[in-house]
Structure formats: structure tokens, C-alpha cells
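What follows is the residue order along each chain.
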Amino acid sequence: MTIQRPRGTRDFLPEETWKRGRAKLAMQDVLERWGYQEVATPTFEHLELFTRKSGASVMEEIYSFKDKGGRDLALRPELTAPVMRMYVSELQNSPKPQRLCYYGNCFRYERPQKGRFREFWQLGAELIGGARPDSEAEVIALAERTIQSVGVGGDIHVGYLGLIRSILDRIEAEHRSAIMRMIDKKEHSALKEFLDIIGQEHLGLLELTDLKGKAALDKAAQIVSDLGSSASSPSAPMQSKIPEPSLAGRSSAREGRKVSSELNLEEFCQTVELLDAYGVKYTVDFEIVRGLEYYSGTVFEIYAEGLGAQRQICGGGTYELASLFGGKETSSTGFGLGFDRIMEIVQIEKTRRSPVYLVYTPDVKVEAARIAIKLREIVPIVLDVMGRGIGAQLKAAASAGAKFAVIVGRSELDSKKITLRDLSAGEQESLALEEIEMRLKAEFT
RNA sequence: GCCGGGAUAGGGUAGUGGUUAUCCUGAGGGACUGUGGAUCCCUCGAGCUGGGUUCGAAUCCCGGUCCCGGCCCCA
């Protein structure tokens, strides 16, 4: 029996690989235009990097292993943590802000389904150390432009965790994560029931998450003024917001850490205004909470059609992770997008060029090889290695979709004129090698 | 982890509890020793896997693997 691929992995044949390469280039071109520099991190890291960021709950879906030295390692399940790790250890003293982007394969032990694989690719960007509204608007606009560059559109939903967290501050801590979950899951009735059960006035939480767009923003403003006048302690009354960098402890973002929940709707409004300036179409949507405790400000997600259950192609927001990896606290904004999901709906015109076939008679094989080497400085050249005759070589060229064949035989060599055949037109002419070079050069640029 | 549907040459497929398992495409060769994707001929190549029922299983039953879709989850 042949050996199969491991579950949830894929082979990419030439055509698909070419298409993926093109899409990647198109998106990276946008990132480059916005001043983002690509970085790369290892495929595997210390397991702790990921558990510290996301909690022990990720263990179920992480590919982890001990190496021969007994170290606990993991195939990276995402790229934000490695990039932040790199930033903390190598870039902290570089000028701010840092604009970084990345592309790489990630691994999660999950049940494969449409748009979900065990090995998958993420492309993303992080803007580290910038001021909030400007950074947030830039990153969201950049995310939109990036997917647009491959002909993909999507609905952008923008939320603000500062507000949600401030509301939650009025609710007992033990209930907060459950509420976040229900908001994230869009379980309205369950949320209402829950708020009733725990006997909390919901401070407009239900309406807030129900409304979208301008109405949601108005509601938010109203809630903020209510919160301000309700005279309890000012925002962020919790424990110190700078935690011990917890080098020894295994505390995770989910457990120990408290992200500052300062409420600054003003800033969020600025972000939104800037988005208008960038010409980004978006929906204000306070249901976007991303369920992660290290997000602190604006969060956003992008959804696309045609992907079945896995509609989300991009997610991001402002977070504070640097301190978790032992660095100075630095506010960053970033996004990651699901490259494989995007590839399912990508619009790329297929203009892949077939190489030129250098067709030769067996008696001039040596000369043909020399000519091939020379022509390859200009165009892709394929040389027969099957010992086929001219007819069969042309047949192969035609079936490969080649537009041109260069034909070399004894008579060409004697006359120093080589045949250039246009396979699509069915015409050919005899030309000096230099002239053929010029012709092909013109065709292939 | 859960639910449903699948698996027959490299790709796409047909069929039946009973000899050498269809057809299309593909690949290699030939007709064709210097000119094409056509045509004709030849060749190559398959019932996921392990067990069970049966005189006999690719077909029926069970387990596993993998694929497709959905749930859970989604850093």
C-alpha cells in the first residue's frame, strides 16, 4: 500500500501551488506598501509560549512533543505569540512603532472540515507600539486592502472591548467569562436569562449587543454617560494592571492576568472616524469580543461568503501581550487571516506561462544543451529528456500548452539560423539565435 | 470528542453475492528517422484496510483509516 497523508494535511500540486504563491505575493505586496516588513519564526517553539498566552485549554488542540533532550515543544498553533516573543527578545529597543508581517504554516489538532485543516497557513501583521486609534484604523484598513488584493471581499465587524469590560466590571467577576462567552456566541436569549438569574441590571448590555452600526454607537455613548453618573468607583478599579511578569509562574492570559479595562469611547470613536477616512466599509458591532482576555481595545473580524460554517477569514484587534513574555507592556494591534479559507474564494486570473520547448534532433543534443543554457537567461526553457523524435517533442510541447518551440537540427546549425515556431499560430521562421532571444524576451516581459 | 454521507486504475466513473471487473481520460510505445493537441493500434494501471457471514464477498455485516459536510471548538 502507498502511504497516505496524515489526516488534515494537504498536498499542493503545481497549479495550486502556483496559485497560492500568486495570492501570497499579491497580499504581501500590499503589506509592503504599507511599510510592513516580513519576519519569520521557528515552526516549533517551547510549549509554554502558547500555554502562557492562551491557557492550558489549548493543550487539547496543540501538537506538542518532547524532543530527545526532554524539552517540551509544540508545533506553532498560531503566529502572534511567536512574533511577540521575537519582538520582546530582539526588537524591544528598536524605534517604535514596529510594523511586522508574517506568513507561515500552523498546526492544530482539530476535526477537519471545510476551510479547516490540521496544517494551515496564516498571514498577518502586527503594529507594535503605536497609539491606539491611529494604529487600529491603519490595521483594519490594511486587513481590508490585503484581502481585496486577491479579489476577496468581506463584512468587517468592529467592536470595542473597553466598553464591554467596563460594563462587566459592574458584574461579579465569577460571571464575567460566562457572559463574554454568550456574547461571543450570540446567544441572546441565554444571555438575557443569565443576567436575570444573577439578578443584575444589565446596564444596556443586551441592547448594546443587539444593535449594529450607528445605533450601537449611540447606545454606547448613552451607556458610557450612565456608567459615569452611576457614581461607583471610576473605571478599572481592579487590582494593579501591571502584573508580575510571571517568569516563574505558569499563569496564563485566561487565568491570572487582568487587562486594563480603561474605558475610552472617545478613542474608539476616533478609530471609527479614521476608518471612514480610509474609506473602509464596516459595521460597529459590540458582539465582537473575540473571547480572549489579552485583547484590550478595538477588536474586529471579517466574514466572507461561500465558506460554509467557517466564514471568518480574518480576526484581530488591540492587545497587550508583550509583558506576558517578559517585556515592557506595549500596546499592539494586529490581525491574522486564514490563508486557506481565502484561497477557496480567491479571484486570480490564470495567466501562468508555459515554458518554451527547445525541440532538437538526437544528433545535435550537445549543441541543443548549449543553446538551452543560453536561452534560459531569458526565458524558461524545457529540453526533452525522453529521447523522443521531433514530432513527439512537439506533441509534448503542444499538450503542455506551450506557445513557442525553438527547433534545432543539423540544418539549423549549418545555416546558423534556428527555427522559432509559434505553436498557437502554426507559423515559424528561421532566425539567428540573438534574434530569437530578443523575440522571446519581448514575449515574456 | 459527537452526528451524517462517502471510498472501484494517476483523475472521473459503471455494475453485479458467482469465470479473465465497465467505460472515459491519462501515461508510455507504435503507425510516423525534421514539425503538433486529431485518428488508429498496442501496453500500463483499480474495488481503502482488518475481521465476520457465505460453497463463493469488490458487493452484505462490524471495527479501523482517510475524505466530504455539520456540531463542539476556533489562540
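The model shown is predicted, which means the values in this text are computed figures rather than measured ones.

**Structural notes on the pattern of salt bridges**
Reasoning step 1: Applying the stated criterion across every chain yields a total of 26 salt bridges.
Reasoning step 2: A salt bridge links K212 to D285, with the nearest nitrogen and oxygen atoms 3.2 Å apart. Here K212 is found in the loop between helix 8 (205-210) and helix 9 (214-229), whereas its partner D285 is found in the loop between strand 8 (283-284) and strand 9 (295-303), with 73 residues between them in sequence.
Reasoning step 3: On the basis of relative accessibility, which here comes to 32%, the residue K212 falls in the partly exposed class.
Reasoning step 4: For E305, the salt bridge is made with R311, and the minimal N-O distance between the two is 3.8 Å.
Reasoning step 5: What makes E305 exposed here is its relative accessible area of 59%.

**Structural notes on the side chain of H157**
Reasoning step 1: Its location among the elements puts H157 in strand 7 (residues 155-160).
Reasoning step 2: Looking at H157, its side chain comes within polar contact range of the side chain of D285, at 2.7 Å.
Reasoning step 3: In contact with H157, other than residues within four places in its own chain, are T283, D285, I288, V299, F300, E301 and Y303.

**What about the domain arrangement of chain A?**
Accessible area lost when the parts come together is the quantity often used to give the size of an interface.
Reasoning step 1: Splitting chain A by domain gives domain 1 (14-170 + 201-345) and domain 2 (356-443).
Reasoning step 2: Its C-alpha centre places domain 1 at a distance of 53 Å from the equivalent point of domain 2.

**Points about the environment of D184**
Reasoning step 1: Looking at the element boundaries, D184 is found in helix 6 (residues 173-185).
Reasoning step 2: Take D184: its relative accessible area is 29%, and that puts it in the partly exposed class.
Reasoning step 3: Spatially, the C-alpha atom of D184 lies 5.8 Å from that of V289, the residues being 105 residues apart in sequence.
Reasoning step 4: Residues within four places of D184 in sequence aside, it is in contact with E287, V289, R290 and G291.

**Examining the sheet that holds strand 15 (residues 418-422)**
Reasoning step 1: Strand order in the open sheet formed by 5 strands is 13-12-14-15-16, with mixed pairing between adjacent strands. Sheet topology places strand 13 (381-383) and strand 16 (427-431) at the edges, where each strand pairs with a single neighbour. Strand-to-strand twist across the sheet, computed as the mean angle between neighbouring axes with direction ignored, equals 25°.
Reasoning step 2: Relative to strand 13, strand 12 (residues 356-360) runs parallel, the two sharing 3 bridges. Pairing of Y357 across the sheet is with V382, part of strand 13.
Reasoning step 3: The strands touched by helix 13 (residues 390-399) within the sheet are strand 12 and strand 14 (404-408), with strand 12 carrying the most contacts at an inclination of about 175°.

**Some words on the sheet that holds strand 11 (residues 331-338)**
Backbone-to-backbone hydrogen bonds join strands into a sheet, with any given pair of strands oriented parallel or antiparallel.
Reasoning step 1: Taken together, 8 strands build an open sheet; the order of strands is 1-5-6-11-10-9-7-8 and the sheet is mixed. Looking along the sheet, the strands with just one partner apiece sit at the ends: strand 1 (37-38) and strand 8.
Reasoning step 2: On top of the sheet, helix 3 (residues 80-91) reaches strand 5 (98-107), strand 6 (119-128), strand 10 (312-320) and strand 11; it is set at about 135° to strand 5, its chief contact.
Reasoning step 3: Strand contacts of helix 10 (residues 265-278): strand 7, strand 8 and strand 9, with the helix running at about 160° to strand 7, the strand carrying the most contacts.

**Thoughts on the packing of aromatic side chains**
Reasoning step 1: Counted by the stated rule, this structure contains 10 aromatic pairs.
Reasoning step 2: Judged by centre distance (5.9 Å) and plane angle (50°), the ring pair of F268 and F286 falls under tilted. With F268 in helix 10 and F286 in the loop between strand 8 and strand 9, this pair connects stretches of sequence that are 18 residues apart.
Reasoning step 3: Residue class for F268 comes out buried when judged on its relative accessible area of 1%.

**Focus on the nonpolar core**
In summary, soluble globular proteins display a tendency toward joint burial of nonpolar side chains.
Reasoning step 1: Membership of the largest hydrophobic core comes to 96 residues, with the highest contact counts inside it found for I164, I179, F286 and F335.
Reasoning step 2: Sequence-distant contacts of I179, defined by excluding residues within four places in its chain, comprise L168, I171, L191, F194, L195, I198 and L205.

**Some details on the protein's contact with RNA strand B**
Reasoning step 1: Around RNA strand B, 43 residues are found, and the nearest of them are K53, R181, A398, E412 and L423.
Reasoning step 2: Counting only the atoms of RNA strand B within 4 Å of the protein, the fraction contributed by sugar and phosphate is 43%.
Reasoning step 3: With respect to RNA strand B, the side chain of R111 contributes an N or O atom lying 2.8 Å from a base nitrogen.
Reasoning step 4: At 2.4 Å from a base nitrogen of RNA strand B is found a side-chain nitrogen or oxygen belonging to E412.
Reasoning step 5: Those elements that provide at least two residues to the surface near RNA strand B are helix 2 (47-54), helix 6, helix 13, helix 14 (410-415) and strand 15.
Reasoning step 6: The residue makeup of the surface near RNA strand B, split by class, is 11 nonpolar, 14 polar and 18 charged.

Parameters and conventions
- Residues numbered from 1 in each chain as written.
- Chains lettered and ligands numbered in written order.
- Predicted model: local features only at pLDDT ≥ 70, side-chain atom pairs only at ≥ 80, totals over all residues.
- Heavy atoms only, no water.
- Salt bridge = Lys/Arg side-chain N within 4 Å of Asp/Glu carboxyl O.
- Helix = DSSP H or I, 4+ residues; strand = E, 2+ residues; numbered from the N terminus.
- Buried < 20%, exposed > 50% of the residue type's maximum accessible area, 1.4 Å probe, protein only.
- Polar contact = N/O pair within 3.5 Å; in protein donor to acceptor, adjacent residues only side chain to side chain.
- Contact = heavy atoms within 4.5 Å.
- Domains from an automatic or database assignment.
- Pairing = 2+ DSSP bridges.
- Axes fitted to C-alpha atoms, helices over the stretch in contact; angles between N-to-C directions.
- Phe/Tyr/Trp six-rings, centres within 6.5 Å; stacked < 30°, edge-to-face > 60°.
- Core = buried A, V, L, I, M, F, W, Y, C linked by side-chain atoms within 4.5 Å.
- Near = heavy atom within 4 Å.
- Nonpolar A, V, L, I, M, F, W, Y, C, P; charged D, E, K, R; others polar.

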